[in-house]
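Residue strings, one per chain:
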Amino acid sequence: MSVEDRIRAEIEGHPVVLFMKGTPQFPMCGFSSRAVQVLKAAGAQLHTVNVLEEAEVRANLPRYSDWPTFPQLFIGGELIGGCDITVELSESGELARLVADAQKA
């Protein structure tokens, strides 16, 4: 399986996927930590990929998604963005709706 196929399988196989540095229990950067916090608060059943342990994913995801930084959040197969966008969506209440809709589908 190519790394692109692996990335696609992760995104299509889970309603909410966060490609992050570290794990939800042990985030390795403040942006990843904050994204996990707001996703949990929004009720997300979160699937994560630790890009620090997946060098090929870390190297290729920015090309796949056309988004240069981590974390990267995908909901319902679509790129949502990074930490700042995730926090903004949380503050507006939109994140909880997106998560709920994706987890129902």
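What this report covers is the structure whose coordinates are included nearby. (Residues numbered from 1 in each chain as written. Predicted model: local features only at pLDDT ≥ 70, side-chain atom pairs only at ≥ 80, totals over all residues. Heavy atoms only, no water.)

## Concerning the pattern of salt bridges
The condition is simple: What counts as a salt bridge is simple: a side-chain nitrogen of Lys or Arg found within 4 Å of a carboxyl oxygen of Asp or Glu. Under the scheme used here, helices are H or I runs from DSSP no shorter than 4 residues and strands are E runs no shorter than 2 residues, and both carry numbers assigned from the N terminus. Each residue's exposure class comes from its accessible area (1.4 Å probe, protein chains only) as a fraction of the maximum for that residue type: buried when under 20%, exposed when over 50%, partly exposed otherwise.
Tallied over the full model, the rule gives 7 salt bridges. E94 serves as the salt-bridge partner of R97, at 2.4 Å between the closest nitrogen and oxygen. Of this pair, R97 and E94 both sit in helix α5 (residues 94–104), 3 residues apart, roughly one helical turn. Accessibility expressed as a relative area gives 40% for R97, which makes it partly exposed. With a relative accessible area of 28%, E94 lands in the partly exposed category. With its nearest N and O atoms 2.7 Å apart, the salt bridge here joins R97 to D101.

## As for the sheet that holds strand β1 (residues 16–20)
Two modes of strand pairing occur in sheets, parallel and antiparallel, and in both the strands are linked by backbone hydrogen bonds. The following threshold applies: DSSP calls a pair of strands paired once it identifies at least 2 bridges connecting them. In this analysis, axes come from line fits to C-alpha atoms, helices being fitted only over the stretch in contact, and the angle between any two N-to-C directions falls in the range 0 to 180 degrees. Here, residues are in contact when the closest pair of their heavy atoms is within 4.5 Å.
Pairing in this open sheet of 4 strands is mixed, and the strands run β2-β1-β3-β4 from one edge to the other. Strand pairing shows two members of the sheet lacking a second neighbour, β2 (47–50) and β4 (78–81), which therefore form its edges. Shown here is a sheet whose adjacent strand axes are inclined to one another by a mean of 25°, direction ignored. Pairing of strand β3 (residues 72–75) with β4 involves 3 bridges; the strand directions are antiparallel. Note on β4: the bridge partner recorded for F74 is L79. Sheet strands in contact with helix α3 (residues 55–65) are β1, β2, β3 and β4, and its direction is about 60° off that of β3.

## Quick word on the environment of E54
Its location among the elements puts E54 in the loop between β2 and α3. Along the primary structure E54 and S32 are separated by 22 residues, whereas in three dimensions their C-alpha atoms are 15 Å apart. Not counting residues within four places of it along the chain, the set of residues in contact with E54 comprises R6 and V49.

## Quick notes on the side chain of N50
Stated precisely, the cut-off is as follows: Polar contact criterion, stated in full: a pair of N or O atoms within 3.5 Å, where within protein one must be able to donate a hydrogen and the other to accept it, and residues adjacent in sequence count only if both atoms are side-chain atoms.
Within the secondary structure, N50 sits in strand β2. Residue N50 is classed as buried on the basis of its relative accessible area, which comes to 13%. A polar contact is formed between the side chain of N50 and the backbone nitrogen of G22, at a distance of 3.0 Å. At 2.9 Å, the side chain of N50 forms a polar contact with the backbone nitrogen of L52. Leave out the neighbours within four places in its chain, and N50 touches M20, K21, G22 and T23.

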